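# Per-entry structural report
So the chains spell out like this:
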Amino acid sequence: MTSTSVEPKTSPPEPERHWKDFFGFSTDHKVIGIQYFVTSFFFYLLAGLMATGMRIELATPDPDFLGAENYNGVLTLHGTMMIFLWIVPTGAAFANYLIPLMIGAKDMAFPVLNGLAFWLVPPGGVLLLTSLVIDQPPVAGWTSYPPLSLISGEVGEMMWILSVLLLGTSSILGGINFVTTIFKMRIKEMSLYDMPLFCWSMLATSLLILVSTPVLAGALILLSFDLIAGTAFFNPTGGGDPIVYQHMFWFYSHPAVYIMILPVFGLISDILPVHSRKPIFGYKAIAYSSIAIAFLGNIVWAHHMFTSGTPGWLRVFFMAATMIIAVPTGIKVFSWVATVWGGKLRLNSAMLFAIGFVSMFLIGGLSGVMVASVPFDIHVHDTYFIVAHFHYVLFGGSVFGIFAGIYHWFPKMVGRMMNETWGKVHFVLTFIGFNLAFFPMHILGLQGMPRRVVQYDPAFTTLNQVCTVGSLILAVSTLPFLVNAAWSWFKGPIAGANPWNALTLEWQTSSPPIIENFEEEPVLWSGPYDYGVDREQDDDKSVSELLAEVKAQM
Amino acid sequence: MKLPTSITTLIAGILVTLISLWYGQHHGWMPEAASREAPLVDDLFNMMMTIATALFLLIQGALVIAIFRFRQKPGDNTDGPPLEGDIGLEIVWTAIPVVIVMVLSIYSFEVYNEMGGLDPAASRDPGPQKTAVVPGTAMAATLPGQDKIALGVGASPKQQGNNAMVNVDVLGLQYAWIFTYPDSGVVSGELHVPAGQDVKLNIVAQDVIHAVWIPQFRLKQDAIPGRDTQLRFKPEVTGTYPLICAELCGAYHGAMRTQVIVHTPDEYDEWLQSQIAAKEHGDGLTVAQIMANNDNRLARQTEDWNISPEAIAALHEMPQGMPQGTLHEMHQHL
């Protein structure tokens, strides 16, 4: 090892950027990525607060905390915000920050469009919150099924529609940008099969967004006509058909589940190999399975309608299509386990959340296969079993994955390391709180508790109280993360360019990266996951050993 | 003594199988099974639980073992073995879920068919048949020739083509269920059915979408404004069970609950006769009275919630011309 006299660094290299840049219309994908992160995290905290309020309400069978009138408003906003203002934009946050860096590009393909896509998000969120401030929140649930949505408060419902339209538009603009960037902006040597798997998953996600989101926009525009112009597309009192709305809504909203989980699949596929010190197991299988999920995700929407207006033969088709998704998802889960198996695991916060993601998503996936079965779904549809299932997928899956991603890439974005002890406290509290809050809901649903109710059979009180205690732990678990992130941002140890000894391109530039990402076009001298791979020309040294040498000489 | 890997794998495999088989049958998560359809669903669920338990133990077990066994040793900064794939292994674990979902799909299809899900009279979608009625508007007429087909769960294959022994018209409206027995004109706020007889519920909704759910029967069907839906089943065990609205229908959705009372056939006849007699004496319940009772119930429930009676009253109004009629008449019109 060469010893060089380098002055100890006291702060990460600062790109020529002013703090005001983060509050304005920037075209730098890294600034936009962080804008997305901070904005969506703000809404996560708000929607989480609402969830806590709902769980406190449900600690007793009677409506005595929020009250029956307010409960549905809070319920609707919680669902809408968690989906459209937290998980979906956070996927965009990671994609914005990471994709150009991962493929060696200077920026996204359409930087101005990128900024525009972000700046549709805050107005969408503000609109939703305004409905609460003026005490007219939408109350028809995040699905907003007519006729209920047509008779339960025009102002709140219109604000909901406009908000979701803005957020959907943002999503479409982002999708166009990601697809173009991935196809057109890669450095010359990088084939599609040299891309990190996060890029594959964002490619699949973006294609899904482009196919399905416009249909949601169509449904919402027609719904708004029914609401304010007296048309009867979905209004049964004028001869309209509320079931058509459900078809259009779920044509987007089932794929939306994959729009939320696919980016996280990509993050996990990138995080596990780095901290297991092993190549990802089955690169092509994971890449293709993302595309397969995106395709299959478009032909399963009617499984949300097994007990509504779906004919018997059609239920059978959608059952089979839904079950088949277990195959590509199963391939991913097995590949992740094989990646971890036999590695040299660094059990830091990022890795704990990543492994936690696999095990929690596993439970959500298993109950997902169950609810695909028509006769079983008839029993559990619209019950707490479903609430448990989708929280295992979307919290145990997406949110655990998002936290894994934040712990992993925080050093790259900020230039400083996060505190590991507090990260582990965060993980343990989240893991315990999450399972206490959501596992008993499986049993509640099977036993007879419907979802979206503010009052319930007193026989279910004990299990509900367990859920409430879990949700309070979950709420508290956010605090160590917030304090850790805020403290580490300014005071954390300097990270250096590549603290994890990772091989993907984003780690080959400074942390945080300079404005145009790389001093000169990066060279692709290894595959994204070539950990432990010996190279003949380098005297049988592994890539990591080479990296360590390069680092020491810097 | 260290056991060879093949032996430990075999022992682990046997243990996982035994635990899964046992747990799949003894989870105790389902409520009482009180209809002919319920054990069919329960057997399917038990099988899914067995498979799920086995997969959970295998995958979760592998992760937990990896966490303890493959943790990086202090000072060891080398990489793990660079295994990038194994085509044989990948084919095996693609085949496993394929086989599992095929088996589950076929089994689910069988159960669904056995329950009556593919009865032609209940499995086609004729589209909206009529215009729904909102309070204060005139009634729309049923379109001719379209009143035979509904959506939902129909007759089991053995019963297809036969009429159900008991027919009940069900109306869902904010926030009550109203049951009418068309053969006798009896109206009730609770569902009374005889054990061991084929029962058919003809379900309509007046205002918004509701859903009839009887957990102990494992059956659910949405009530959709403008469409006929149905549920056909055979109650088997006498007793009182909840009937719950499962689709968000407004602020008091959680209070939209009533009971199913499964009588012995004799008791059922007795109940029906008593209702007919009461009706003939003018003491029978009308839709208006059921709704009034329901309003009182809601009012009682909401008294402690600081909600004014006016707010409750404003929740719904009776359709014009309806209050003194029976539900069957309402079905005729809806």
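Residues numbered from 1 in each chain as written. Chains lettered and ligands numbered in written order. Predicted model: local features only at pLDDT ≥ 70, side-chain atom pairs only at ≥ 80, totals over all residues. Heavy atoms only, no water.

### Some remarks on the overall build of chain B
Along chain B, the regular secondary structure elements total seven helices and eleven strands. Counting over 334 residues, chain B shows a buried share of 51%. Of the contacts formed within chain B by residues at least 6 apart in sequence, a portion of 74% connects residues at least 24 apart. Just so you have it, chain B exposes about 15,000 Å², and 59% of that area is on carbon and sulfur atoms. (Helix = DSSP H or I, 4+ residues; strand = E, 2+ residues; numbered from the N terminus. Buried < 20%, exposed > 50% of the residue type's maximum accessible area, 1.4 Å probe, protein only. Contact = heavy atoms within 4.5 Å. Areas by Shrake-Rupley, 256 points an atom, 1.4 Å probe, with all protein chains shown as cover.)

### Examining the overall build of chain A
Looking only at helices and strands, chain A features 17 helices and two strands. At 24 Å, chain A has a C-alpha radius of gyration in line with the 24 Å of a compact globule built from 554 residues. Principal-axis analysis of the C-alpha atoms places the extent of chain A at approximately 80 × 45 × 45 Å. Out of the 554 residues in chain A, the part that is buried amounts to 68%. Across chain A, the fraction of contacts at a sequence separation of at least 24, relative to all contacts at a separation of at least 6, is 81%. About 18,000 Å² of surface is accessible on chain A, with carbon and sulfur atoms providing 68% of the total. (Rg over C-alpha atoms; globule rule 2.2 N^0.38 Å.)

### Digging into the nonpolar core
For soluble globular proteins, nonpolar side chains are generally found buried alongside one another. Counting residues in hydrophobic clusters, the biggest one holds 257 residues, and the most contacted among them are Trp336, Phe357 and Phe376 of chain A together with Leu201 of chain B. Apart from the residues lying within four places of it in its own chain, the contact partners of Phe376 of chain A are Met370, Val371, Phe385 and Leu446 of chain A together with Met30, Val41, Leu44, Phe45 and Met48 of chain B. Ranked by size, the runner-up nonpolar core spans nine residues in total, among them Leu171, Ala176, Val204 and Met291 of chain B. (Core = buried A, V, L, I, M, F, W, Y, C linked by side-chain atoms within 4.5 Å.)

### Some words on the sheet that holds strand 8 (residues 219–223) of chain B
Residues and elements named next belong to chain B. On the basis of which strands lie adjacent, the open sheet formed by five strands has the order 5-11-10-7-8 and mixed pairing. The open sheet terminates on both sides in strands that have one partner only, identified here as strand 5 (191–194) and strand 8. Strand after strand, the sheet turns through a mean of 25° between neighbouring axes, direction not considered. The sheet contact formed by strand 7 (residues 210–214) and strand 8 spans five bridges and is antiparallel. Counterpart to His210 in the pairing with strand 8 is Ala223. (Pairing = 2+ DSSP bridges. Axes fitted to C-alpha atoms, helices over the stretch in contact; angles between N-to-C directions.)

### A few points about the interface of chain B and chain A
In this assembly, 90 residues from chain B lie in contact with 98 residues from chain A. Across the chain B/chain A interface, buried area totals approximately 7,900 Å², and carbon plus sulfur atoms make up 70% of it. In this structure, the connection of chain B to chain A is made through three salt bridges. Measuring nitrogen to oxygen at the nearest pair gives 3.1 Å for the salt bridge that ties Lys344 of chain A to Asp76 of chain B. At the level of secondary structure, the elements contributing two or more residues to the side of chain B that touches chain A comprise helix 2 (37–69), helix 3 (87–115), strand 1 (151–153), strand 8 and strand 10 (239–245) of chain B. When residues of the side of chain B that touches chain A are assigned to their parent elements, the largest contribution, 16 residues, is made by helix 2 of chain B. Partitioned by chemical class, the residues of the side of chain B that touches chain A number 55 nonpolar, 19 polar and 16 charged. (Buried area = accessible area lost by both parts, 1.4 Å probe. Salt bridge = Lys/Arg side-chain N within 4 Å of Asp/Glu carboxyl O. Nonpolar A, V, L, I, M, F, W, Y, C, P; charged D, E, K, R; others polar.)

### Quick word on the environment of Leu40 of chain B
All names here are of chain B. Its location among the elements puts Leu40 in helix 2. We classify Leu40 as partly exposed; its relative accessible area is 23%. In this view, Leu40 contacts Val111, Glu114 and Met115; residues no more than four positions away in its chain are not counted.

### Some details on the sheet that holds strand 9 (residues 229–233) of chain B
Residues and elements named next belong to chain B. One open sheet holds the six strands; their spatial order is 1-9-6-2-3-4, and the pairing between them is mixed. Since the sheet does not close on itself, it has two edges, and those belong to strand 1 and strand 4 (186–188), each with one partner. Here the strands of the sheet are splayed against their neighbours by 20° on average, with no regard to which way each runs. Bridging between strand 2 (residues 166–173) and strand 6 (residues 199–205) involves seven bridges; their strand directions are parallel. Within strand 6, the position partnered with Asn167 by the bridge is Lys200. Sitting on the sheet, helix 4 (residues 265–280) touches strand 2, strand 3 (176–181) and strand 4, and the angle it makes with strand 4 is about 105°.

### Digging into the side chain of Ser289 of chain A
Residue and element names in this part refer to chain A. As for its position among the elements, Ser289 is in helix 9 (residues 283–296). Residue classification places Ser289 among the buried positions, given a relative accessible area of 3%. Not counting the four nearest positions on each side in its chain, Ser289 is found in contact with Pro328 and Lys332.

### Regarding the confidence of the model for chain B
Residues and elements named next belong to chain B. For chain B, per-residue confidence averages 83 on the pLDDT scale, and 80% of positions sit at 70 or higher. The low-confidence segment residues 136–147, where pLDDT is below 50, has 17 contacts with residues more than four positions distant or belonging to other chains. Note that pLDDT drops below 50 for residues 304–309; the model gives that stretch eight contacts with residues more than four away or on any other chain. Among the scores for the predicted complex, ipTM is 0.91 and pTM is 0.91. (pLDDT = per-residue confidence, 0-100.)

### Quick word on the packing of helix 1 (residues 29–57) of chain A against helix 16 (residues 461–491) of chain A
All names here are of chain A. Closest axis-to-axis distance for the helix 1/helix 16 pair is 10 Å, and the angle between their directions is 155°. It follows from the interaxial angle that helix 1 and helix 16 lie roughly antiparallel. Helix 16 is crossed by helix 1, and the crossing has left-handed handedness. Contacts between helix 1 and helix 16 involve Ile34, Phe41, Leu45, Thr52, Arg55 and Ile56 on the former and, on the latter, Asn464, Cys467, Thr468, Ser471, Leu472, Ala475, Thr478, Phe481, Leu482 and Trp489. (Parallel < 35°, antiparallel > 145°, perpendicular 65-115°, else oblique. Left-handed = near helix turned anticlockwise from the far one by under 90°.)

### Quick word on the packing of aromatic side chains
Applying the stated rule across the entire model yields 60 aromatic pairs over all chains. When the centroid spacing of 6.3 Å and the interplanar angle of 90° are considered together, the rings of Tyr193 of chain A and Tyr288 of chain A count as edge-to-face. Taken together, the residues span a long stretch of sequence, with Tyr193 of chain A in the loop between helix 6 (154–184) and helix 7 (197–228) and Tyr288 of chain A in helix 9 at a distance of 95 residues. Using a relative accessible area of 41% as the deciding quantity, one classes Tyr288 of chain A as partly exposed. A cation over an aromatic ring shows up here: Lys284 of chain A above the ring of Tyr193 of chain A, its NZ or CZ 4.6 Å from the ring centre. A cation sits over an aromatic face here: Lys220 of chain B above Trp213 of chain B, 4.5 Å from the ring centre. (Phe/Tyr/Trp six-rings, centres within 6.5 Å; stacked < 30°, edge-to-face > 60°. Lys NZ or Arg CZ within 6 Å of the ring centre and 35° of its normal.)

### Points about the packing of helix 11 (residues 326–340) of chain A against helix 12 (residues 349–372) of chain A
All names here are of chain A. Put simply, helix 11 and helix 12 touch, their axes get as near as 11 Å, and they point 155° apart. As the angle between them shows, helix 11 and helix 12 are arranged roughly antiparallel. With respect to the hand of their crossing, helix 11 and helix 12 are arranged in left-handed fashion. Counting all contacts with helix 11, which are made through Ala326, Thr329, Val333 and Trp336, the residues of helix 12 involved are Phe357, Val358, Phe361 and Val369.

### Structural notes on the pattern of salt bridges
Following the criterion strictly, the structure yields ten salt bridges over all chains and no others. Two residues, Asp42 of chain B and Arg218 of chain B, come together in a salt bridge whose shortest N-O distance is 2.7 Å. Taken as a pair, Asp42 of chain B in helix 2 and Arg218 of chain B in the loop between strand 7 and strand 8 lie far apart in primary sequence, 176 residues in all. As far as burial versus exposure is concerned, Asp42 of chain B and Arg218 of chain B are alike and both buried. Within the structure, one salt-bridge network assembled from shared partners comprises Asp382, Arg451 and Arg452 of chain A.

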